[in-house]
Amino acid sequence: ENYHALLAENRKLFNEIQDLKGNIRVYCRIRPFLPGQREKRTSVEHVGENGELVVADRSKPGKEGHRLFKFNKVFGSDATQAEVYSDTQPLIRSVLDGYNVCIFAYGQTGSGKTYTMTGPNSSTKENWGVNYRALNDLFDISQRRKSSITYEIGVQMVEIYNEQVRDLLSSDGSLKKLGIMTHSQPNGLAVPDASMHPVKSTSDVIQLMGLGHKNRVVSATALNERSSRSHSVVTVHVRGTDLKTGSALIGNLHLVDLAGSERVDRSEVIGDRLKEAQHINKSLSALGDVIFALSQKSSHVPYRNSKLTQVLQSSLGGQAKTLMFVQLNPETSSYSESLSTLKFAERVAGVELGAARTNK
Ligand code: ADP
(Lines give C-alpha, C1' and ligand atoms only; values in the text may rest on other atoms or scores of the structure.)
Protein backbone atom coordinates (compact mmCIF):
# COMPACT_ATOMS: atom_id res chain seq x y z
CA GLU A 1 0.00 0.00 0.00
CA ASN A 2 1.13 3.50 -0.72
CA TYR A 3 2.40 4.99 2.47
CA HIS A 4 1.91 8.59 1.47
CA ALA A 5 -1.72 8.07 0.55
CA LEU A 6 -2.27 6.41 3.90
CA LEU A 7 -0.52 9.22 5.66
CA ALA A 8 -2.70 11.77 3.92
CA GLU A 9 -5.80 9.81 4.79
CA ASN A 10 -4.83 9.62 8.45
CA ARG A 11 -3.98 13.28 8.60
CA LYS A 12 -7.43 14.05 7.24
CA LEU A 13 -9.10 11.78 9.78
CA PHE A 14 -6.96 13.31 12.40
CA ASN A 15 -7.83 16.87 11.52
CA GLU A 16 -11.48 15.97 11.78
CA ILE A 17 -11.17 15.27 15.46
CA GLN A 18 -9.20 18.41 16.23
CA ASP A 19 -12.04 20.29 17.82
CA LEU A 20 -12.88 21.97 21.10
CA LYS A 21 -9.39 22.42 22.54
CA GLY A 22 -6.85 21.63 19.89
CA ASN A 23 -4.58 18.96 21.21
CA ILE A 24 -6.54 18.12 24.32
CA ARG A 25 -9.65 16.00 24.09
CA VAL A 26 -11.86 14.85 26.91
CA TYR A 27 -14.23 11.90 26.57
CA CYS A 28 -16.59 10.92 29.35
CA ARG A 29 -17.64 7.29 29.84
CA ILE A 30 -20.37 6.10 32.17
CA ARG A 31 -20.04 2.65 33.68
CA PRO A 32 -23.17 0.48 33.50
CA PHE A 33 -24.79 -0.85 36.65
CA LEU A 34 -23.10 -4.13 37.45
CA PRO A 35 -24.90 -7.46 37.80
CA GLY A 36 -25.91 -7.92 41.41
CA GLN A 37 -25.67 -4.24 42.21
CA ARG A 38 -28.55 -3.37 44.52
CA GLU A 39 -28.79 0.32 43.92
CA LYS A 40 -30.24 1.17 40.53
CA ARG A 41 -30.94 4.88 40.82
CA THR A 42 -28.77 6.78 38.43
CA SER A 43 -27.46 10.29 38.74
CA VAL A 44 -27.06 10.51 34.98
CA GLU A 45 -29.97 12.49 33.59
CA HIS A 46 -29.05 12.94 29.95
CA VAL A 47 -26.33 11.92 27.51
CA GLY A 48 -26.29 14.15 24.43
CA GLU A 49 -24.96 13.24 21.02
CA ASN A 50 -22.59 16.17 20.92
CA GLY A 51 -20.81 15.59 24.18
CA GLU A 52 -23.39 17.06 26.55
CA LEU A 53 -23.89 15.39 29.89
CA VAL A 54 -26.50 16.31 32.49
CA VAL A 55 -26.09 14.85 35.96
CA ALA A 56 -28.63 15.25 38.73
CA ASP A 57 -28.33 15.70 42.45
CA ARG A 58 -31.34 13.60 43.45
CA SER A 59 -31.56 15.18 46.86
CA LYS A 60 -32.90 18.29 45.18
CA PRO A 61 -36.34 18.46 43.61
CA GLY A 62 -36.84 18.22 39.84
CA LYS A 63 -34.50 20.21 37.67
CA GLU A 64 -33.01 22.11 40.56
CA GLY A 65 -30.25 19.54 41.00
CA HIS A 66 -29.36 19.32 37.29
CA ARG A 67 -25.92 20.30 36.08
CA LEU A 68 -24.67 20.44 32.52
CA PHE A 69 -21.19 19.47 31.36
CA LYS A 70 -19.71 19.45 27.89
CA PHE A 71 -17.07 17.08 26.55
CA ASN A 72 -15.78 16.18 23.13
CA LYS A 73 -17.83 13.04 23.49
CA VAL A 74 -19.89 11.20 26.09
CA PHE A 75 -20.20 7.42 25.99
CA GLY A 76 -23.32 6.17 27.75
CA SER A 77 -23.34 2.99 29.80
CA ASP A 78 -24.28 0.90 26.76
CA ALA A 79 -21.24 1.89 24.70
CA THR A 80 -19.13 -1.07 23.61
CA GLN A 81 -15.34 -1.30 23.78
CA ALA A 82 -15.26 -1.17 19.97
CA GLU A 83 -17.33 2.02 19.88
CA VAL A 84 -15.11 3.67 22.46
CA TYR A 85 -12.02 2.69 20.53
CA SER A 86 -13.27 3.80 17.14
CA ASP A 87 -13.11 7.42 18.27
CA THR A 88 -9.63 6.89 19.69
CA GLN A 89 -8.18 5.10 16.70
CA PRO A 90 -7.11 8.17 14.67
CA LEU A 91 -4.94 9.25 17.60
CA ILE A 92 -3.28 5.86 17.80
CA ARG A 93 -2.60 5.88 14.09
CA SER A 94 -0.96 9.27 14.33
CA VAL A 95 1.77 7.71 16.51
CA LEU A 96 2.99 5.88 13.40
CA ASP A 97 3.22 9.23 11.66
CA GLY A 98 5.54 10.52 14.35
CA TYR A 99 3.22 12.15 16.86
CA ASN A 100 3.41 11.74 20.62
CA VAL A 101 0.12 10.75 22.22
CA CYS A 102 -0.99 10.38 25.82
CA ILE A 103 -4.23 8.66 26.74
CA PHE A 104 -5.32 8.33 30.32
CA ALA A 105 -8.31 7.27 32.36
CA TYR A 106 -9.36 9.33 35.38
CA GLY A 107 -12.05 8.55 37.95
CA GLN A 108 -12.84 7.04 41.31
CA THR A 109 -11.99 3.41 42.00
CA GLY A 110 -14.59 1.16 40.40
CA SER A 111 -15.60 3.65 37.72
CA GLY A 112 -14.21 1.56 34.85
CA LYS A 113 -10.71 2.98 34.27
CA THR A 114 -9.10 -0.43 33.90
CA TYR A 115 -12.06 -1.67 31.87
CA THR A 116 -11.58 1.15 29.36
CA MET A 117 -7.80 0.94 29.19
CA THR A 118 -7.26 -2.82 29.39
CA GLY A 119 -10.63 -4.58 29.46
CA PRO A 120 -12.19 -6.94 31.99
CA ASN A 121 -10.18 -9.74 33.59
CA SER A 122 -9.84 -12.72 31.23
CA SER A 123 -10.91 -10.59 28.36
CA THR A 124 -11.87 -11.86 24.92
CA LYS A 125 -10.90 -9.96 21.82
CA GLU A 126 -14.34 -8.38 21.75
CA ASN A 127 -13.79 -6.93 25.23
CA TRP A 128 -10.29 -5.71 24.68
CA GLY A 129 -9.65 -2.24 26.02
CA VAL A 130 -7.75 0.60 24.39
CA ASN A 131 -4.28 -0.86 25.17
CA TYR A 132 -4.65 -4.09 23.22
CA ARG A 133 -6.62 -2.49 20.41
CA ALA A 134 -4.00 0.23 20.07
CA LEU A 135 -1.06 -2.17 19.81
CA ASN A 136 -3.00 -4.43 17.50
CA ASP A 137 -3.64 -1.46 15.24
CA LEU A 138 -0.01 -0.34 15.32
CA PHE A 139 1.07 -3.80 14.13
CA ASP A 140 -1.64 -3.89 11.47
CA ILE A 141 -0.75 -0.56 9.96
CA SER A 142 2.99 -1.09 10.15
CA GLN A 143 2.48 -4.36 8.32
CA ARG A 144 0.54 -2.61 5.58
CA ARG A 145 3.27 0.00 5.19
CA LYS A 146 6.14 -2.44 5.20
CA SER A 147 7.04 -1.99 1.53
CA SER A 148 7.94 1.64 2.12
CA ILE A 149 8.70 1.89 5.81
CA THR A 150 9.85 -0.50 8.52
CA TYR A 151 8.77 -0.04 12.09
CA GLU A 152 10.27 -1.16 15.37
CA ILE A 153 7.95 -1.10 18.35
CA GLY A 154 9.04 -1.29 21.98
CA VAL A 155 7.02 -1.40 25.19
CA GLN A 156 7.71 -0.32 28.76
CA MET A 157 5.35 -0.77 31.68
CA VAL A 158 5.82 0.97 35.02
CA GLU A 159 3.84 1.68 38.13
CA ILE A 160 4.08 4.95 40.03
CA TYR A 161 3.37 4.46 43.69
CA ASN A 162 4.13 7.03 46.39
CA GLU A 163 6.18 9.06 43.87
CA GLN A 164 8.39 6.06 43.08
CA VAL A 165 8.60 4.48 39.65
CA ARG A 166 8.71 0.68 39.56
CA ASP A 167 9.43 -1.35 36.44
CA LEU A 168 6.67 -3.91 36.01
CA LEU A 169 8.63 -5.75 33.32
CA SER A 170 12.01 -5.95 34.96
CA SER A 171 13.86 -8.79 33.34
CA ASP A 172 13.34 -12.24 34.64
CA GLY A 173 13.35 -15.67 33.04
CA SER A 174 10.02 -15.31 31.31
CA LEU A 175 11.19 -12.26 29.39
CA LYS A 176 14.29 -13.79 27.83
CA LYS A 177 12.33 -14.87 24.81
CA LEU A 178 11.34 -11.33 23.97
CA GLY A 179 14.63 -9.74 24.91
CA ILE A 180 15.33 -6.19 25.89
CA MET A 181 15.86 -3.51 23.29
CA THR A 182 19.43 -2.39 23.20
CA HIS A 183 18.80 0.98 21.63
CA SER A 184 16.35 1.38 24.44
CA GLN A 185 15.94 5.10 24.12
CA PRO A 186 15.19 5.73 20.48
CA ASN A 187 14.26 9.32 21.13
CA GLY A 188 15.37 10.03 24.65
CA LEU A 189 11.75 9.82 25.66
CA ALA A 190 11.85 6.49 27.41
CA VAL A 191 11.15 6.16 31.11
CA PRO A 192 14.69 6.03 32.52
CA ASP A 193 15.72 2.84 34.29
CA ALA A 194 12.74 0.87 33.05
CA SER A 195 13.34 -2.03 30.70
CA MET A 196 12.07 -1.75 27.17
CA HIS A 197 10.89 -4.80 25.28
CA PRO A 198 10.63 -5.15 21.54
CA VAL A 199 7.26 -6.45 20.40
CA LYS A 200 6.38 -7.91 17.04
CA SER A 201 2.81 -9.04 17.47
CA THR A 202 -0.26 -8.65 19.63
CA SER A 203 0.51 -11.93 21.31
CA ASP A 204 3.89 -10.53 22.46
CA VAL A 205 1.96 -7.62 23.94
CA ILE A 206 -0.55 -9.87 25.64
CA GLN A 207 2.30 -11.86 27.16
CA LEU A 208 4.10 -8.73 28.39
CA MET A 209 1.06 -6.98 29.77
CA GLY A 210 -0.03 -10.19 31.45
CA LEU A 211 3.31 -10.26 33.22
CA GLY A 212 3.13 -6.58 34.13
CA HIS A 213 -0.34 -7.10 35.49
CA LYS A 214 0.84 -10.08 37.52
CA ASN A 215 3.73 -8.07 38.96
CA ARG A 216 1.32 -5.36 39.95
CA VAL A 217 -1.05 -7.78 41.61
CA VAL A 218 1.70 -9.51 43.59
CA SER A 219 2.39 -6.37 45.52
CA ALA A 220 -1.32 -5.55 45.62
CA THR A 221 -2.11 -8.42 47.97
CA ALA A 222 0.73 -7.42 50.23
CA LEU A 223 -0.30 -3.82 50.33
CA ASN A 224 -4.04 -4.21 50.16
CA GLU A 225 -5.32 -3.33 46.72
CA ARG A 226 -2.40 -1.19 45.93
CA SER A 227 -3.33 -1.25 42.26
CA SER A 228 -6.10 1.26 42.79
CA ARG A 229 -3.63 3.51 44.57
CA SER A 230 -0.88 3.53 41.98
CA HIS A 231 -0.73 4.83 38.44
CA SER A 232 0.08 2.32 35.75
CA VAL A 233 1.83 3.62 32.65
CA VAL A 234 2.35 1.64 29.46
CA THR A 235 4.78 3.41 27.13
CA VAL A 236 4.95 2.40 23.49
CA HIS A 237 7.86 3.59 21.39
CA VAL A 238 7.59 3.51 17.65
CA ARG A 239 10.48 4.07 15.30
CA GLY A 240 9.86 3.95 11.59
CA THR A 241 12.58 4.02 8.97
CA ASP A 242 11.68 5.16 5.50
CA LEU A 243 13.23 2.61 3.18
CA LYS A 244 13.82 5.08 0.38
CA THR A 245 15.19 8.09 2.20
CA GLY A 246 16.45 6.43 5.38
CA SER A 247 14.81 9.13 7.44
CA ALA A 248 13.27 8.22 10.79
CA LEU A 249 9.77 8.77 12.13
CA ILE A 250 9.59 8.57 15.89
CA GLY A 251 6.38 8.46 17.89
CA ASN A 252 5.59 7.79 21.48
CA LEU A 253 2.34 6.59 23.07
CA HIS A 254 1.54 6.63 26.78
CA LEU A 255 -1.44 4.64 28.01
CA VAL A 256 -2.19 5.49 31.62
CA ASP A 257 -4.54 3.93 34.14
CA LEU A 258 -4.51 6.49 36.96
CA ALA A 259 -4.90 5.81 40.66
CA GLY A 260 -8.44 6.19 42.02
CA SER A 261 -9.33 9.86 42.40
CA GLU A 262 -11.65 9.41 45.39
CA ARG A 263 -11.13 11.83 48.19
CA VAL A 264 -10.00 10.23 51.38
CA ASP A 265 -11.40 11.47 54.64
CA ARG A 266 -8.31 12.72 56.41
CA SER A 267 -9.81 12.23 59.80
CA GLU A 268 -10.17 8.52 59.12
CA VAL A 269 -6.82 7.47 57.76
CA ILE A 270 -3.38 7.48 59.28
CA GLY A 271 0.11 6.20 58.51
CA ASP A 272 0.72 4.54 55.14
CA ARG A 273 -2.81 5.08 53.94
CA LEU A 274 -2.60 8.80 54.59
CA LYS A 275 0.76 8.99 52.84
CA GLU A 276 -0.65 7.18 49.80
CA ALA A 277 -3.64 9.50 49.70
CA GLN A 278 -1.41 12.54 49.84
CA HIS A 279 0.80 11.24 47.02
CA ILE A 280 -2.19 10.46 44.83
CA ASN A 281 -3.71 13.82 45.53
CA LYS A 282 -0.48 15.58 44.73
CA SER A 283 0.13 13.76 41.48
CA LEU A 284 -3.42 14.09 40.19
CA SER A 285 -3.45 17.80 40.92
CA ALA A 286 -0.04 18.14 39.26
CA LEU A 287 -1.48 16.40 36.20
CA GLY A 288 -4.50 18.71 36.29
CA ASP A 289 -2.21 21.75 36.55
CA VAL A 290 -0.12 20.62 33.57
CA ILE A 291 -3.11 20.01 31.33
CA PHE A 292 -4.74 23.23 32.44
CA ALA A 293 -1.55 25.17 31.65
CA LEU A 294 -1.46 23.51 28.22
CA SER A 295 -5.11 24.26 27.52
CA GLN A 296 -4.45 27.91 28.42
CA LYS A 297 -1.36 27.88 26.20
CA SER A 298 0.53 29.09 29.22
CA SER A 299 4.25 29.72 28.81
CA HIS A 300 5.13 27.86 32.01
CA VAL A 301 4.00 24.23 32.26
CA PRO A 302 4.75 22.78 35.72
CA TYR A 303 5.96 19.28 34.74
CA ARG A 304 8.41 18.97 37.62
CA ASN A 305 5.81 18.83 40.38
CA SER A 306 5.23 15.06 40.30
CA LYS A 307 6.76 11.83 39.04
CA LEU A 308 3.68 11.23 36.94
CA THR A 309 3.96 14.47 34.99
CA GLN A 310 7.72 13.97 34.59
CA VAL A 311 7.21 10.53 33.12
CA LEU A 312 4.48 11.79 30.79
CA GLN A 313 6.18 15.02 29.82
CA SER A 314 7.16 13.91 26.32
CA SER A 315 3.57 13.23 25.40
CA LEU A 316 1.98 16.22 27.09
CA GLY A 317 2.34 19.54 25.33
CA GLY A 318 4.17 20.67 22.22
CA GLN A 319 2.84 18.77 19.23
CA ALA A 320 1.59 15.96 21.45
CA LYS A 321 -2.06 14.91 21.55
CA THR A 322 -3.74 14.22 24.86
CA LEU A 323 -6.95 12.29 25.45
CA MET A 324 -8.52 11.97 28.87
CA PHE A 325 -11.24 9.43 29.61
CA VAL A 326 -13.34 10.71 32.48
CA GLN A 327 -14.94 7.68 34.08
CA LEU A 328 -18.15 7.92 36.11
CA ASN A 329 -20.03 5.59 38.40
CA PRO A 330 -23.72 5.89 37.58
CA GLU A 331 -25.33 5.43 40.97
CA THR A 332 -26.71 8.28 43.07
CA SER A 333 -24.62 7.23 46.05
CA SER A 334 -21.52 8.14 44.00
CA TYR A 335 -22.90 11.54 43.03
CA SER A 336 -20.52 13.66 45.04
CA GLU A 337 -17.46 11.75 43.75
CA SER A 338 -18.84 11.99 40.21
CA LEU A 339 -19.27 15.71 40.61
CA SER A 340 -15.71 16.16 41.80
CA THR A 341 -14.48 14.04 38.84
CA LEU A 342 -16.51 16.22 36.46
CA LYS A 343 -15.15 19.40 38.00
CA PHE A 344 -11.60 18.15 37.58
CA ALA A 345 -12.31 17.39 33.92
CA GLU A 346 -13.96 20.72 33.38
CA ARG A 347 -11.04 22.55 34.84
CA VAL A 348 -8.36 20.72 32.91
CA ALA A 349 -10.24 21.11 29.65
CA GLY A 350 -10.70 24.79 30.37
CA VAL A 351 -14.37 24.51 29.47
CA GLU A 352 -16.53 26.24 32.00
CA LEU A 353 -20.11 25.10 31.72
CA GLY A 354 -20.75 23.30 34.96
CA ALA A 355 -22.19 26.22 36.83
CA ALA A 356 -24.98 26.60 34.30
CA ARG A 357 -28.19 24.85 35.17
CA THR A 358 -30.14 23.36 32.32
CA ASN A 359 -33.62 24.53 31.57
CA LYS A 360 -34.59 21.56 29.54
P1 ADP B 1 -11.39 1.07 38.08
O2 ADP B 1 -10.26 0.65 37.23
O3 ADP B 1 -11.83 2.48 37.80
O4 ADP B 1 -11.20 0.83 39.54
P5 ADP B 1 -12.71 -1.22 36.89
O6 ADP B 1 -12.32 -1.03 35.47
O7 ADP B 1 -11.99 -2.23 37.67
O8 ADP B 1 -12.68 0.18 37.66
O9 ADP B 1 -14.28 -1.48 36.89
C10 ADP B 1 -14.97 -1.88 38.06
C11 ADP B 1 -15.89 -3.05 37.70
O12 ADP B 1 -16.87 -2.63 36.75
C13 ADP B 1 -15.16 -4.21 37.08
O14 ADP B 1 -15.77 -5.40 37.51
C15 ADP B 1 -15.38 -4.01 35.59
O16 ADP B 1 -15.31 -5.21 34.86
C17 ADP B 1 -16.78 -3.41 35.55
N18 ADP B 1 -16.98 -2.49 34.42
C19 ADP B 1 -16.41 -1.26 34.28
N20 ADP B 1 -16.79 -0.67 33.14
C21 ADP B 1 -17.63 -1.53 32.53
C22 ADP B 1 -18.34 -1.51 31.29
N23 ADP B 1 -18.29 -0.46 30.46
N24 ADP B 1 -19.10 -2.59 30.99
C25 ADP B 1 -19.17 -3.65 31.83
N26 ADP B 1 -18.51 -3.74 33.00
C27 ADP B 1 -17.74 -2.71 33.36
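The following paragraphs examine the structure supplied in this document.

Conventions used here
- Residues numbered from 1 in each chain as written.
- Predicted model: local features only at pLDDT ≥ 70, side-chain atom pairs only at ≥ 80, totals over all residues.
- Heavy atoms only, no water.
- Axes fitted to C-alpha atoms, helices over the stretch in contact; angles between N-to-C directions.
- Helix = DSSP H or I, 4+ residues; strand = E, 2+ residues; numbered from the N terminus.
- Parallel < 35°, antiparallel > 145°, perpendicular 65-115°, else oblique.
- Left-handed = near helix turned anticlockwise from the far one by under 90°.
- Contact = heavy atoms within 4.5 Å.
- Nonpolar A, V, L, I, M, F, W, Y, C, P; charged D, E, K, R; others polar.
- Near = heavy atom within 4 Å.
- Polar contact = N/O pair within 3.5 Å; in protein donor to acceptor, adjacent residues only side chain to side chain.
- Pairing = 2+ DSSP bridges.
- Core = buried A, V, L, I, M, F, W, Y, C linked by side-chain atoms within 4.5 Å.
- Buried < 20%, exposed > 50% of the residue type's maximum accessible area, 1.4 Å probe, protein only.
- Expected span 1.5 Å × (residues − 1).
- Phe/Tyr/Trp six-rings, centres within 6.5 Å; stacked < 30°, edge-to-face > 60°.
- Lys NZ or Arg CZ within 6 Å of the ring centre and 35° of its normal.

**Overview of the packing of helix 3 (residues 89-96) against helix 5 (residues 130-144)**
Between helix 3 and helix 5, whose axes approach to 10 Å, the crossing angle comes to 50°. In terms of axis orientation, helix 3 runs oblique to helix 5. The handedness of the crossing between helix 3 and helix 5 is right-handed. Contacts between helix 3 and helix 5 involve Gln89, Ile92, Arg93 and Leu96 on the former and, on the latter, Ala134, Asp137, Leu138, Ile141, Ser142 and Arg144. Class assignment for the residues of the contact of helix 3 with helix 5 results in five nonpolar, two polar and three charged.

**Describing the site of the ligand**
In the region of the ligand, the neighbouring residues are Arg29, Arg31, Pro32, Leu34, Gln108, Thr109, Gly110, Ser111, Gly112, Lys113, Thr114 and Tyr115. Tyr115 places a main-chain nitrogen or oxygen 2.8 Å from an oxygen atom of the ligand. Looking at the shell around the ligand, the element that brings in the most residues is helix 4 (residues 113-117), giving three residues.

**Re the sheet that holds strand 3 (residues 52-56)**
Strand order in the open sheet formed by three strands is 2-3-4, and the pairing between neighbours is antiparallel. Only two strands of the sheet have a single partner each, and these edge strands are strand 2 (44-47) and strand 4 (66-70). Each strand axis lies, on average, 20° off the axis of its neighbour in the sheet, ignoring direction. Of the strands in this sheet, strand 3 and strand 4 touch helix 9 (residues 335-349), which is tilted by about 35° from strand 4.

**Side note on the packing of helix 7 (residues 271-295) against helix 9**
Relative to each other, helix 7 and helix 9 sit at 35°, their axes nearing to 7 Å. Of helix 9, the residues touching helix 7 (which contributes Leu284, Gly288, Asp289, Ile291, Phe292 and Ser295) are Phe344, Arg347, Val348 and Ala349. Of the residues contributing to the contact of helix 7 with helix 9, the split by class is six nonpolar, two polar and two charged.

**Let's talk about the nonpolar core**
Membership of the largest hydrophobic core comes to 44 residues, with the highest contact counts inside it found for Leu53, Phe71, Leu312 and Met324. For this core, the secondary structure elements donating two or more residues are strand 1 (24-30), strand 3, strand 6 (100-106), strand 7 (149-161), helix 7, helix 8 (307-312), strand 12 (321-328) and helix 9. Leu91, Val101, Tyr132 and Val199 belong to the second-largest nonpolar core, a separate cluster that totals 40 residues.

**So, helix 9**
The terminal C-alpha atoms of helix 9 lie 21 Å apart, and with 15 residues this matches the ideal 21 Å at 1.5 Å per residue to within 8%. Counting buried positions along helix 9 gives eleven out of 15 residues, so the element sits mostly inside the fold. Within helix 9, the full set of buried residues consists of Tyr335, Glu337, Ser338, Leu339, Thr341, Leu342, Phe344, Ala345, Glu346, Val348 and Ala349. Residues of helix 9 that are buried in the fold lie against strand 1, strand 3, strand 4, strand 6, helix 7 and strand 12.

**A closer look at the packing of aromatic side chains**
Aromatic ring pairs: the centre-centre distance and the angle between the two ring planes describe each pair. This structure, assessed with the given rule, holds four aromatic pairs. Ring geometry for Tyr27 versus Phe325: centroids 5.8 Å apart, planes at 70°, classification edge-to-face. Taken as a pair, Tyr27 in strand 1 and Phe325 in strand 12 lie far apart in primary sequence, 298 residues in all. Exposure class is identical for Tyr27 and Phe325. Each is buried. In this structure an aromatic cluster arises from ring pairing among Tyr27, Phe75 and Phe325. Sitting above the plane of the Phe292 ring, Arg347 keeps its charged end 4.7 Å from the centroid.

**Let's talk about the environment of Tyr27**
A residue is classified by how much of its surface remains accessible, and Tyr27, at 4% relative accessible area, is buried. Measuring from C-alpha to C-alpha, the distance between Tyr27 and Ala105 comes to 9.5 Å, with 78 residues separating the pair along the chain. Those residues in contact with Tyr27, other than ones at most four positions away along the chain, are Asn72, Lys73, Phe75, Asp87, Thr88, Leu323, Met324, Phe325 and Val326.

**Quick word on helix 3**
Most of helix 3 sits inside the fold, with seven of its eight residues counted as buried. The first or second residue beyond helix 3 is Gly98, which carries a positive phi of 100°.

Interpretation note: all reported values are geometric properties and have no functional meaning in isolation.
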